[in-house]
Amino acid sequence: MLKWKAFVLIVLLVGFVSKTNAQSDLPREKDENSESAFPTFKDGIPGLVKYSKRLFPIIYENTNDKDNLPFSLKMLLTIDTSSKVVDIEFLDTRMEDQCKIKVREALLKMDGWKAAESKGKPIVGKYPWRVSCILWAR
């Protein structure tokens, strides 16, 4: 009797495992909001580096504990179809809440973006932006 129950259990486990393994369907055509399309910033990376220097005084002035300034900023900017920053997510960034609010306000006013495109049309896109090794007080 125990062998029969063990056999049924093994058959059920194999059935569940075959349904949950890491296989996926064949790739389909990307939808309009493709994650593979990225917005671009005027002057590329050098332009972003130049712009990031505007954030340094904002971060420094809006951090109460100057000994606990963040070592880096990891952000995900959402750029809409009209090339405007509409949302900022702070990822794994150790920053005080009031500082995040001020940085967000500055980034929402940021211009110089070109919306991501799909099939020649502008789409909403996300741009991962990391700023690290910052000398905040300078």
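J.: Describe the side chain of S72, and please don't skip the residues or the numbers.
T.: Here S72 is to be found in strand β2 (residues 72-79). Taking relative accessible area as the criterion, S72 reaches 13% and is therefore assigned buried. Ignoring any residue separated from it by four or fewer positions in sequence, one finds S72 in contact with T93, R130, V131 and S132.

J.: Go over the packing of aromatic side chains with me, naming the residues and quoting the values.
T.: Applying the stated criterion to the full structure yields 3 aromatic pairs. Geometrically, the ring pair formed by F41 and Y51 is edge-to-face, given 6.4 Å between the ring centres and 70 degrees between the ring planes. Residue F41 is located in strand β1 (residues 40-41), and its partner Y51 is located in helix α2 (residues 44-61); the two are separated by 10 residues in the primary sequence. In this structure, F41 and Y51 share a single accessibility class: buried. An aromatic cluster of three or more residues is present, and its members are F41, Y51, W113 and Y127. Its end group placed over the ring of Y60, K66 keeps NZ or CZ at 4.7 Å from the ring centre.

J.: Give me the lowdown on helix α3 (residues 97-108), citing residues and values where you can.
T.: Working note: α-helix, 3.6 residues per turn, so residues spaced by three or four point in the same direction. Look at α3: 16 Å from first C-alpha to last across 12 residues, which is about the 16 Å you get at 1.5 Å a residue. Taken together, the buried positions of α3 are C99, V103, A106 and L107. The buried residues of α3 all sit within an arc of 95 degrees when viewed along its axis, so they share a single face.

J.: Talk me through the pattern of salt bridges; I want residue IDs and the actual numbers.
T.: Applying the stated rule across the entire model yields 4 salt bridges. Of the charged contacts in the structure, one is a salt bridge between D87 and R104, with a shortest N-O distance of 3.7 Å. Linking D87 in strand β3 (residues 85-90) with R104 in helix α3, this pair joins segments that are 17 residues apart in sequence. Note on D87: relative accessible area 32%, which makes it partly exposed. Put simply, K114 and E117 hold a salt bridge, and the shortest N to O gap is 3.0 Å.

About the thresholds
Residues numbered from 1 in each chain as written. Predicted model: local features only at pLDDT ≥ 70, side-chain atom pairs only at ≥ 80, totals over all residues. Heavy atoms only, no water. Helix = DSSP H or I, 4+ residues; strand = E, 2+ residues; numbered from the N terminus. Buried < 20%, exposed > 50% of the residue type's maximum accessible area, 1.4 Å probe, protein only. Contact = heavy atoms within 4.5 Å. Phe/Tyr/Trp six-rings, centres within 6.5 Å; stacked < 30°, edge-to-face > 60°. Lys NZ or Arg CZ within 6 Å of the ring centre and 35° of its normal. Expected span 1.5 Å × (residues − 1). Arc of directions from axis to C-beta. Salt bridge = Lys/Arg side-chain N within 4 Å of Asp/Glu carboxyl O.

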